[in-house]
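The primary structure of each chain is shown beneath.
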Amino acid sequence: MMRIILTICLLLTIQFANSQSVLGKWKTVDKNGVEKCIVEVYQKNNRIYGKIVEILVQEEKNALCVKCEGSERNKPVLGLVLIKGMEKDGEYYRNGTIFDPENGEKFKCRITLEDKNTLQVRGYLSFLFTTQYWERV
């Protein structure tokens, strides 16, 4: 009986830890409230990355990244890694970048959980910043 209780506690702890993580799939919502895409946030080599895994706006489903540079130029936006190299720093992830495929700009980035279902994503250009709140899928 004790083994069953311990197993249940372990499973609940794992579930709680996963729900308190930035990892997972997030629905992006722009400043006008338009749901744009689903970004999968994942960990690789102790850093956090975010890749577009679904485009929600019908007319943009086959969009190419015409404003990207280098090897990503004119490649599909679907599959684009837009968050790169974030490192854990207390309650935040910092020291990485986020790319906006619509205007071709790359920003310094900071992400944190607002609550278990809301990811605060902040892009910085010098001392100016803009913030989006993404919803857990």
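Right above here is the structure, for reference.
Procedures and definitions
- Residues numbered from 1 in each chain as written.
- Predicted model: local features only at pLDDT ≥ 70, side-chain atom pairs only at ≥ 80, totals over all residues.
- Heavy atoms only, no water.
- Helix = DSSP H or I, 4+ residues; strand = E, 2+ residues; numbered from the N terminus.
- Buried < 20%, exposed > 50% of the residue type's maximum accessible area, 1.4 Å probe, protein only.
- Contact = heavy atoms within 4.5 Å.
- Salt bridge = Lys/Arg side-chain N within 4 Å of Asp/Glu carboxyl O.
- Disulfide = S-S within 2.5 Å.
- Pairing = 2+ DSSP bridges.
- Axes fitted to C-alpha atoms, helices over the stretch in contact; angles between N-to-C directions.
- Phe/Tyr/Trp six-rings, centres within 6.5 Å; stacked < 30°, edge-to-face > 60°.

Enquirer: Help me out: how do you make sense of the overall build of the chain in this one?
Expert: The helix and strand inventory of the chain stands at one helix and eight strands. In the chain, the order of α-helices and β-strands from amino to carboxyl end is α-β-β-β-β-β-β-β-β. In the chain, buried positions account for 32% of the 137 residues. Considering only contacts in the chain between residues 6 or more positions apart, those separated by 24 or more positions represent 35%.

Enquirer: Which parts of the structure should I look at to understand unusual backbone geometry?
Expert: Most peptide bonds are trans, and most residues other than glycine sit at a negative phi. Phi is positive for N46, close to 60 degrees, though the residue is something other than glycine. Note that N46 resides in the loop between β2 (35–44) and β3 (47–55). A relative accessible area of 67% means that N46 is categorised as exposed. A positive phi angle, close to 65 degrees, is found at N95, a residue other than glycine.

Enquirer: Looking at this model, I keep getting lost on the side chain of T118. Mind explaining?
Expert: Positionally, T118 belongs in strand β7 (residues 118–125). Those residues in contact with T118 that sit more than four places away from it in its chain are W26, T112, L113, Y133 and W134.

Enquirer: Help me understand the pattern of salt bridges in this model?
Expert: Oppositely charged side chains can pair when the atoms bearing their charge come close. The final tally for this structure, using the stated rule, is seven salt bridges. In this structure, R94 and D89 form a salt bridge, with 3.0 Å as the shortest nitrogen-oxygen distance. In this structure R94 comes out as partly exposed when scored by relative accessible area, which is 29%. Here D89 falls in the partly exposed class, since its relative accessible area comes to 40%.

Enquirer: Is there a simple way to think about the state of the cysteines in this case?
Expert: What we call a disulfide is simply a covalent bond connecting the sulfur atoms of a pair of cysteines. Following the criterion strictly, the structure yields one disulfide and no others. Each sulfur of the disulfide joining C65 and C68 lies 1.8 Å from the other. Since a negative S-S torsion denotes a left-handed disulfide, the C65-C68 link at about 80 degrees is right-handed. In terms of burial, C65 and C68 fall into one category: buried.

Enquirer: Looking at this structure, how should I read the sheet that holds strand β5 (residues 92–100)?
Expert: Read once around its circumference, the closed barrel built from eight strands follows the order β1-β2-β3-β4-β5-β6-β7-β8, with strand pairing classed as antiparallel. The average angle at which neighbouring strand axes cross in this sheet is 35 degrees, direction not considered.

Enquirer: Would you explain the packing of aromatic side chains in this entry?
Expert: Aromatic rings in a pair are described by how distant their centres are and how their planes are angled relative to each other. Counted according to the given criterion, the structure contains two aromatic pairs. When the ring of Y42 is compared with that of Y49, the centres are 5.8 Å apart and the planes differ by 20 degrees; the resulting orientation is stacked. Overall, the relative accessible area of 26% leaves Y42 in the partly exposed class. Centre to centre, the rings of Y124 and F129 are 5.7 Å apart; their planes meet at 50 degrees, and the pair counts as tilted. A residue is classified by how much of its surface remains accessible, and Y124, at 23% relative accessible area, is partly exposed.

Enquirer: Even after reading the chapter, I still don't get the pairing of strand β4 (residues 81–89), so can you show me in this structure?
Expert: Each regular strand carries side chains that alternate between the two faces of the sheet. Taken together, the three bridges between β3 and β4 define a ladder with antiparallel strand orientation. Its bridge partner lying in β4, I48 is registered against M86. Where β4 meets β5, five bridges bridge the pair, whose relative direction is antiparallel. Within the sheet, the bridge partner assigned to D89 lies in β5 and is Y92.

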